[in-house]
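An overview of the molecular structure
For reference, the chains in residue letters:
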Amino acid sequence: MSKSSTSQLSKPQGDRLQGTLDALGINVIDRHIFICAEPQKAKCCDPAAGTAAWKYLKTRLKELGLDKPSKADAAPQTPHCFRTKADCLRVCQDGPILVVYPDGIWYRRATPDVIARIIQEHLLDDRPVTDHVIAKHPLPHHHQPEYNHGE
């Protein structure tokens, strides 16, 4: 690799990247939802079911304004939820599989109907949808190393 390809981002590139991170609210995410949808090897569910689940999750989070940071003066405060479509979450049965972090709540059969309940009961009301929970392992709270953005 050439020296120039390993150097830090130029100022305009860095500013553009920071603008994207700020617009997405990366530093204020409350929960991150991963869903196994549209896998290359459809072991856990029919690909159409995964696609429907992903589309519903994406659309519903946006409709409720959960896909972006809340305004400070908004009442009531809504959680900022990031979502990621994964090829496989390695459970490979009873899918689509969905996990909510940092809570570490894993769900099975995350169809649009179940996702509607997860959004309302878990994300908004802090009550996991117990009849679809298959595992619970919250991320441990630990000290975050200081990060200086390469400065």
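Scroll up to find the structure.
Residues numbered from 1 in each chain as written. Predicted model: local features only at pLDDT ≥ 70, side-chain atom pairs only at ≥ 80, totals over all residues. Heavy atoms only, no water.

**Examining the pairing of strand S3 (residues 98-101)**
Note: strand S1 (residues 31-36) against S3, 4 bridges, orientation antiparallel. Paired with Ile33 across the two strands is Val100, which belongs to S3. Examined bridge by bridge, S3 and strand S4 (residues 105-107) share 3 bridges and lie antiparallel to one another. Considered in S4, the bridge of Leu98 is made with Tyr107. (Pairing = 2+ DSSP bridges. Helix = DSSP H or I, 4+ residues; strand = E, 2+ residues; numbered from the N terminus.)

**Description of the side chain of His132**
Mapped onto the elements, His132 comes out in the loop between helix H4 (112-124) and strand S5 (133-136). Sequence-distant contacts of His132, that is, excluding residues within four places in its chain, are made with Trp106, Tyr107, Arg108, Arg109, Val114 and Arg117. (Contact = heavy atoms within 4.5 Å.)

**Digging into helix H3 (residues 47-63)**
With 17 residues, H3 ought to run about 24 Å at 1.5 Å a step, and its terminal C-alpha atoms sit 24 Å apart, in line with that. Taken as a whole, H3 has its buried residues at Gly50, Ala53, Trp54, Leu57 and Leu61. The buried side chains of H3 occupy one side of the element, clustering within an arc of 95° when seen end-on. Across H3 from its buried face, at more than 90 degrees, point the exposed residues Ala48, Lys55, Lys62 and Glu63. Tucked inside the fold, the buried residues of H3 contact S1, strand S2 (81-86) and H4. A side-chain oxygen of the first residue of H3 lies 2.8 Å from the backbone nitrogen of Ala48; this N-cap is Asp46. Two residues or fewer after H3 comes Gly65, characterised by a positive phi angle close to 70°. (Expected span 1.5 Å × (residues − 1). Buried < 20%, exposed > 50% of the residue type's maximum accessible area, 1.4 Å probe, protein only. Arc of directions from axis to C-beta. Polar contact = N/O pair within 3.5 Å; in protein donor to acceptor, adjacent residues only side chain to side chain.)

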